[in-house]
Amino acid sequence: MPETPQPETYSYLGPAGTFTEVALSQVAAAAGKPWRSVNNVGEALDDVVSGRSAAAMIAIENSVEGGVSATQDALASIPHLRIIGEYLVPVNFVLVARRGTTLADVRVINAHPVAYAQCHVWLDANLPSHGHIPATSNVAAAASLFDSDHADAAIAPPGITAHHDLDVLAENIGDNPNAVTRFILVSRTTTTPAATGADKTSIIAELPDDRAGSLLEMLEQFATRGVNMSLLESRPIGDALGRYRFVIDLDGHIDEERVADALMGLRRFSPNVTFLGSYPRADGIRVKFDQRYGDAVFTEARDWLDRLKSGLE
Ligand SMILES: O=C(O)C(=O)Cc1ccccc1
């Protein structure tokens, strides 16, 4: 039987208690709606593409570990996805184990790779010869301690003991106590959230060919319109060594003339541009830009051109 579409459902990396769930709880529209726990980014986005869910919450960037490559690559390759919101969650980690385990008993640790990668300082100092088994999420890492004895301990969010009867062997084991993860809410909608004055625009673009200065030429599209970038990351395209696509966040909204003009410049220049969306910034900080690039300046220039073409000036 075909699945009944549940367009009100929100998908998130579960099970309950993950940082991703905390991010989803910040979405006012998701309150009281069904939430579907999934095991990875691909499953979350497939829910959106297939119409099983209205939107999916996925991690895109961590302040310590950098971009989440699985998310960036999925956004580059799955068409018709749009980012409709951005959410920030402070993250810190504890080491948990089955009751009665001591730190001296720990040989193998179950952990989500993004969590594991930001606990190195503590792990190197306290468990220098541990092994690592990857988990699908921070809560799944802890839950797996009940399913098998392959691992002796797990890296988990501090709230894990509300979900599982485990001993906390160590607290605050993250490399940076101020670590933050940035999450995005992704949907298939083509309706862009309205401009607020504190917005971001996310795109992915490829360079035209292997010639000197092409990256600079791409960046000039933004610089010459007074558009600031808040993120620039390269990801391998995957078909050959040395071929990259660029994940870019711009300050501003597609409904603002300077951003729209920069996107048109990019479209003329790049063989492959993906518009991922314009959406309100999680920090609410209003975008500052030189008034030489204000909407009125672009409108005046276009009106002038129209007057020239129609012989009025
Ligand atoms: O959402 C979670 O809890 C996850 O397992 C993904 C993750 C991992 C590390 C930092 C933030 C999110």
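Residues numbered from 1 in each chain as written. Predicted model: local features only at pLDDT ≥ 70, side-chain atom pairs only at ≥ 80, totals over all residues. Heavy atoms only, no water.

Points about the sheet that holds strand β13 (residues 229-236)
Link 1 in the chain: The four strands lie next to each other as β13-β14-β12-β15, forming an open sheet whose pairing is antiparallel. Each having just a single partner strand, β13 and β15 (273-280) make up the two edges of the open sheet. The sheet shows a mean angle of 15° between the axes of neighbouring strands, direction not considered.
Link 2 in the chain: Bridge count between strand β12 (residues 199-206) and β15: seven bridges; the pairing is antiparallel. Considered in β15, the bridge of Ile-204 is made with Thr-274.
Link 3 in the chain: Against the sheet, helix α8 (residues 257-269) makes contact with β12, β14 (244-251) and β15, and its axis sits at roughly 5° relative to β12, the strand it touches most. (Pairing = 2+ DSSP bridges. Helix = DSSP H or I, 4+ residues; strand = E, 2+ residues; numbered from the N terminus. Axes fitted to C-alpha atoms, helices over the stretch in contact; angles between N-to-C directions. Contact = heavy atoms within 4.5 Å.)

Looking at the UniProt feature "domain: ACT" (unreviewed entry) in the protein
Link 1 in the chain: Per the UniProt annotation, the sites labelled "domain: ACT" (unreviewed entry) are residues 203-281.
Link 2 in the chain: Counting secondary structure, residues 203-281 comes out at 29% helix and 35% strand; the distance between its end C-alpha atoms is 15 Å. (UniProt positions renumbered as here; feature names shortened; annotations may be inferred.)

Here's the deal with the side chain of Gln-72
Link 1 in the chain: Mapped onto the fold, Gln-72 is located in helix α3 (residues 69-77).
Link 2 in the chain: Sequence-distant contacts of Gln-72, that is, excluding residues within four places in its chain, are made with Ile-60, Gly-67, Ile-204, Glu-233, Arg-235 and Val-247.

Observations concerning the packing of helix α7 (residues 214-223) against α8
Link 1 in the chain: With their axes 7 Å apart at the nearest point, α7 and α8 run at an angle of 155° to one another. The orientation of α7 relative to α8 falls into the category roughly antiparallel. Touching Ser-214, Glu-217, Met-218, Gln-221 and Phe-222 of α7 are Ala-262, Gly-265, Leu-266 and Phe-269, all from α8.
Link 2 in the chain: Of the residues in the contact of α7 with α8, the class split is five nonpolar, three polar and one charged. (Parallel < 35°, antiparallel > 145°, perpendicular 65-115°, else oblique. Nonpolar A, V, L, I, M, F, W, Y, C, P; charged D, E, K, R; others polar.)

Some details on the site of the ligand
Link 1 in the chain: Looking at the ligand, the residues that line it are Leu-13, Thr-18, Phe-19, Thr-20, His-112, Val-114, Ala-115, Ser-137, Asn-138 and Thr-181.
Link 2 in the chain: Contact distances for the ligand include 2.5 Å between an oxygen atom and a side-chain N or O atom of Thr-20.
Link 3 in the chain: Contacts to the ligand include Asn-138, whose side-chain N or O atom sits 2.7 Å from an oxygen atom.
Link 4 in the chain: Across the complex, the protein chains shield 98% of the 320 Å² of accessible surface that the ligand would expose by itself.
Link 5 in the chain: When residues are assigned to domains, the shell around the ligand turns out to be shared by domain 1 (1-91 + 179-191) and domain 2 (94-170), each giving three or more. (Near = heavy atom within 4 Å. Polar contact = N/O pair within 3.5 Å; in protein donor to acceptor, adjacent residues only side chain to side chain. Areas by Shrake-Rupley, 256 points an atom, 1.4 Å probe, with all protein chains shown as cover. Domains from an automatic or database assignment.)

Brief notes about the pattern of salt bridges
Link 1 in the chain: Counting across every chain of the model gives 22 salt bridges.
Link 2 in the chain: Across the pair Asp-46 and Arg-52 runs a salt bridge whose closest N-O atoms are separated by 3.8 Å.
Link 3 in the chain: Assessed through its relative accessible area of 38%, Asp-46 is described here as partly exposed.
Link 4 in the chain: Between Asp-47 and Arg-52 there is a salt bridge, and its shortest N-O distance comes to 2.3 Å.
Link 5 in the chain: Take Asp-47: its relative accessible area is 0%, and that puts it in the buried class. (Salt bridge = Lys/Arg side-chain N within 4 Å of Asp/Glu carboxyl O. Buried < 20%, exposed > 50% of the residue type's maximum accessible area, 1.4 Å probe, protein only.)

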